[in-house]
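Examining the three-dimensional arrangement
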Amino acid sequence: MSKSSASKLIPKVPGVPTPRVPKVSSRRAQYSASTKRALVDVAQDLFTEQGYAATSLDQIVAGARVTKGALYHHFSGKQALFEEIFQQIEAAADKEIKRSLKGERDPWLKAQAGLRAFLEVVQQPGYRRIVIQDGPSVLGFERFRDQEERSTFATVNQIVHDVLSAGIWHLDEEMLQTFARIFFGALSSAGHTVAASADPAMAAKRVETAIGFILTGLQAVEKAGVELPDLTAESDD
């Protein structure tokens, strides 16, 4: 008897359906994510409206409708929650500034577009209160600076590189970094000025005029063919 004939004589056993296992872990992950999102959203609103010091964990968990145990499951405390929000706001700001640079090929126009976008960001209530006003005291100056440099400084650095590399100047990396640090320091100080102002919109206009004037002057110097001093030659003397 052939194998095919023998197989026909063997009765077919209907397949046993595999029982459906509920995706408990998936539902738990979704619930956990929604809980964390609620905590972040409520805390961000409270930090923006009344500041870090005036906001309690009781207010946060009450607003998010969760227990303190749920908060401590995601964050070690109020400062860790603040840092999470700080990072999200900085990342969103950096994304917004980068978006403003798209479509601009001229490096000088790109620098001006980036400046305007930055000044719009620092007028946002959440950025003013959480990043500029409370950030340095809550995180400490070193951590605050580190967070800034991981986001907005990288964008400023790229803009400065593009501007100074577009013309006649051939600068080494150390000199480019020096320019970037100076401009970043100026922007950081300008951000504090706008945030602390009773009229942020007018303060932003003043800052845009002042830094725009500096950029225009730098562009005029570059177009006039003025060379930067050769620091290597001076050190050799």
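Residues numbered from 1 in each chain as written. Predicted model: local features only at pLDDT ≥ 70, side-chain atom pairs only at ≥ 80, totals over all residues. Heavy atoms only, no water.

Where an unreviewed UniProt entry is consulted, the protein chain appears under the name TetR/AcrR family transcriptional regulator, with the organism given as Nocardioides piscis.

1. Notes on the overall build of the protein chain
Within the protein chain, the secondary structure is distributed over twelve helices and zero strands. Each helix (α) and strand (β) of the protein chain, taken in turn from the N terminus, gives the series α-α-α-α-α-α-α-α-α-α-α-α. The 237 residues of the protein chain split such that 38% are buried. For the protein chain, the share of sequence-separated contacts (at least 6 apart) that also reach a separation of at least 24 residues comes to 71%. Carbon and sulfur atoms make up 55% of the accessible area of the protein chain, which amounts to about 14600 Å² in all. (Helix = DSSP H or I, 4+ residues; strand = E, 2+ residues; numbered from the N terminus. Buried < 20%, exposed > 50% of the residue type's maximum accessible area, 1.4 Å probe, protein only. Contact = heavy atoms within 4.5 Å. Areas by Shrake-Rupley, 256 points an atom, 1.4 Å probe, with all protein chains shown as cover.)

2. A few points about the UniProt feature "DNA-binding region" (unreviewed entry) in the protein chain
Mapped onto the present numbering, the UniProt feature "DNA-binding region" (unreviewed entry) falls on residues 56-75. Between the first and last C-alpha atoms of residues 56-75 the distance is 14 Å; the span itself is 75% helix and 0% strand. (UniProt positions renumbered as here; feature names shortened; annotations may be inferred.)

3. Some remarks on the packing of aromatic side chains
For the coordinates displayed, the defined rule picks out five aromatic pairs. Measuring from centroid to centroid gives 5.5 Å for Phe47 and Phe82, while their planes differ by 65°, and the two rings are edge-to-face. Placement of Phe47 in helix α2 (residues 24-50) and of Phe82 in helix α5 (residues 78-101) is noted, with a sequence separation of 35 residues between them. Residue classification places Phe47 among the buried positions, given a relative accessible area of 0%. On the numbers, 5.8 Å between centres and 70° between planes, the contact of Phe86 with Phe144 is edge-to-face. (Phe/Tyr/Trp six-rings, centres within 6.5 Å; stacked < 30°, edge-to-face > 60°.)

4. Digging into the pattern of salt bridges
Tallied over the entire structure, the rule returns seven salt bridges. The partner of Asp162 in a salt bridge is Lys110, and the shortest N-O contact between them spans 4.0 Å. Here Lys110 lies in helix α6 (residues 107-121) and Asp162 lies in helix α9 (residues 152-165), a separation of 52 residues in the sequence. (Salt bridge = Lys/Arg side-chain N within 4 Å of Asp/Glu carboxyl O.)

5. Some words on the environment of His170
Structurally, the position occupied by His170 is in the loop between α9 and α10 (173-196). Among the residues examined, His170 registers a relative accessible area of 78% and is labelled exposed. Sequence spacing of His170 and Glu227 is 57 residues, and the spatial spacing of their C-alpha atoms is 9.4 Å.

6. Notes on unusual backbone geometry
In this model, Arg65 sits at a positive phi of 60°, which is unusual for a non-glycine residue. Along the polypeptide, Arg65 turns up in the loop between α3 (57-64) and α4 (68-74). Among the residues examined, Arg65 registers a relative accessible area of 78% and is labelled exposed.

7. Things to note about α3
Count 3.6 residues to each turn of an α-helix, and residues three or four apart come out pointing the same way. Those residues of α3 that sit buried are Leu57, Ile60, Val61 and Ala64. When α3 is viewed along its axis, its buried side chains cluster within an angular range of 90° and face the same direction. Looking one or two places after α3, you find Arg65, whose phi comes out positive at around 60°. (Arc of directions from axis to C-beta.)

8. Description of the side chain of Ser197
On the secondary structure map, Ser197 appears in the loop between α10 and α11 (200-223). A polar contact of 3.0 Å, which involves the side chain of Ser197, links it to the backbone nitrogen of Asp199. In contact with Ser197, not counting residues within four places along its chain, are Arg128 and Ala203. (Polar contact = N/O pair within 3.5 Å; in protein donor to acceptor, adjacent residues only side chain to side chain.)

9. Here we look at the confidence of the model for the protein chain
Confidence along the protein chain averages 85 in pLDDT terms, with 86% of residues attaining 70 or more. Per-element confidence in the protein chain is highest for α3, whose mean pLDDT is 96, and lowest for helix α1 (residues 3-9), whose mean pLDDT is 52. (pLDDT = per-residue confidence, 0-100.)

10. Some details on the packing of α5 against α9
Interhelical geometry of α5 versus α9 gives an angle of 20° and a closest axis separation of 9 Å. Regarding the angle of α5 to α9, the classification is roughly parallel. Our pair here, α5 against α9, has a crossing hand that is left-handed. Of α9, the residues touching α5 (which contributes Glu90, Asp94, Ile97, Lys98 and Leu101) are Thr152, Thr155 and Ile159. For the contact of α5 with α9, the per-class residue count stands at three nonpolar, two polar and three charged. (Axes fitted to C-alpha atoms, helices over the stretch in contact; angles between N-to-C directions. Parallel < 35°, antiparallel > 145°, perpendicular 65-115°, else oblique. Left-handed = near helix turned anticlockwise from the far one by under 90°. Nonpolar A, V, L, I, M, F, W, Y, C, P; charged D, E, K, R; others polar.)

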